[in-house]
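One letter stands for each residue in the lines below.
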Amino acid sequence: MNESSFRWGDKFWEMDLAKIEEYIGAIQSLIKSDTSLIGSDGLVHIYLATEDPKAHNEFLAAVPSHWRVYADITLQEINAFRPIKGNRASHATRNTKGKAGLVAMGSLLVALEAKGYVLTTKSNFSSLINHLRRKIVNRQCRSSEGNIIDDDACTVAIDLRPDVW
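Chemist: Can you help me understand helix H2 (residues 53-62) in this one?
Modeler: Working note: α-helix, 3.6 residues per turn, so residues spaced by three or four point in the same direction. Along H2, the residues that are buried comprise Ala55, His56 and Phe59. Buried positions in H2, seen along its axis, are confined to an arc of 100° and lie on one side of it. More than 90 degrees from the buried face of H2, the exposed residues found are Lys54 and Ala61. Along its buried surface, H2 packs onto helix H1 (20-33), strand S2 (44-49), strand S3 (67-71) and helix H3 (74-77). Here H2 starts with a cap whose side-chain oxygen sits 2.8 Å from the backbone nitrogen of lysine 54, and that cap is aspartate 52.

Rendered as structure tokens:
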């Protein structure tokens, strides 16, 4: 499975938003460089980690027919609590009495099951995914001698909006 952490919503305050074409191009690059990202059924399986209905709908309209996109549960669980304008996480969190945070943690756990990642680490959520991917998920990979290989041994990632840490 591949994961695309699609951070739109209010992220325009933090970074220039990546366009749909950038995400799709990055996924195609990952697949081209690592064919194991194609499922045994010949399909490309994408977990789209976004809470933004607009981003989700535009992505679905643009993907090739041999891609299967799995929606982030926050689209269903939190949508009724969104403000009419904008995409304020604090609004949803307050109105769900914290359920939005719990749903986000579930989304994070599903995202960490991926092998290929498209991220925008200027977004805090993408940055968190990347740190967990490199320092926990990839540390589970070991050489035949049982040694930890390196921070990028198990998974691959493309960062469309890198941040400096």
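Chemist: I tried to follow the packing of helix H5 (residues 99-111) against helix H6 (residues 124-137) on my own but got confused; where do I start?
Modeler: Each pair of packed helices can be summarised by the angle the axes make with each other and by the distance between the axes. Where H5 contacts H6, the axes come no closer than 10 Å and their chain directions differ by 45°. In terms of orientation, H5 and H6 fall into the oblique class. By crossing handedness, the relation of H5 to H6 is classed as right-handed. Across the interface between the two elements, Ala104, Ser107, Leu108 and Ala111 from H5 touch Phe125, Leu128, Ile129 and Leu132 from H6. Residues of the contact of H5 with H6, tallied by class, amount to seven nonpolar, one polar and no charged.

Chemist: Teacher, can you tell me more about the pairing of S3 here?
Modeler: Across a regular strand the side chains alternate sides, sitting on one face of the sheet and then on the other. Bridge count for S2 against S3 is five bridges, and the pairing is parallel. Opposite leucine 48, over in S3, you have alanine 71 as the bridge partner. Where the polypeptide runs from S2 across H2 and back to S3, its parallel neighbour, the crossover connection is right-handed.

Chemist: Which parts of the structure should I look at to understand the environment of asparagine 79?
Modeler: Assignment of secondary structure puts asparagine 79 in the loop between H3 and helix H4 (89-95). The spatial distance from the C-alpha of asparagine 79 to the C-alpha of proline 53 is 8.0 Å, given a sequence separation of 26 residues. Setting aside its immediate chain neighbours within four residues, asparagine 79 contacts Pro53 and Thr74.

Conventions used here
Residues numbered from 1 in each chain as written. Predicted model: local features only at pLDDT ≥ 70, side-chain atom pairs only at ≥ 80, totals over all residues. Heavy atoms only, no water. Buried < 20%, exposed > 50% of the residue type's maximum accessible area, 1.4 Å probe, protein only. Helix = DSSP H or I, 4+ residues; strand = E, 2+ residues; numbered from the N terminus. Arc of directions from axis to C-beta. Contact = heavy atoms within 4.5 Å. Polar contact = N/O pair within 3.5 Å; in protein donor to acceptor, adjacent residues only side chain to side chain. Axes fitted to C-alpha atoms, helices over the stretch in contact; angles between N-to-C directions. Parallel < 35°, antiparallel > 145°, perpendicular 65-115°, else oblique. Left-handed = near helix turned anticlockwise from the far one by under 90°. Nonpolar A, V, L, I, M, F, W, Y, C, P; charged D, E, K, R; others polar. Pairing = 2+ DSSP bridges. Right-handed = clockwise from strand over helix to strand, strands pointing away.

The values are spatial; any link to function lies outside them.
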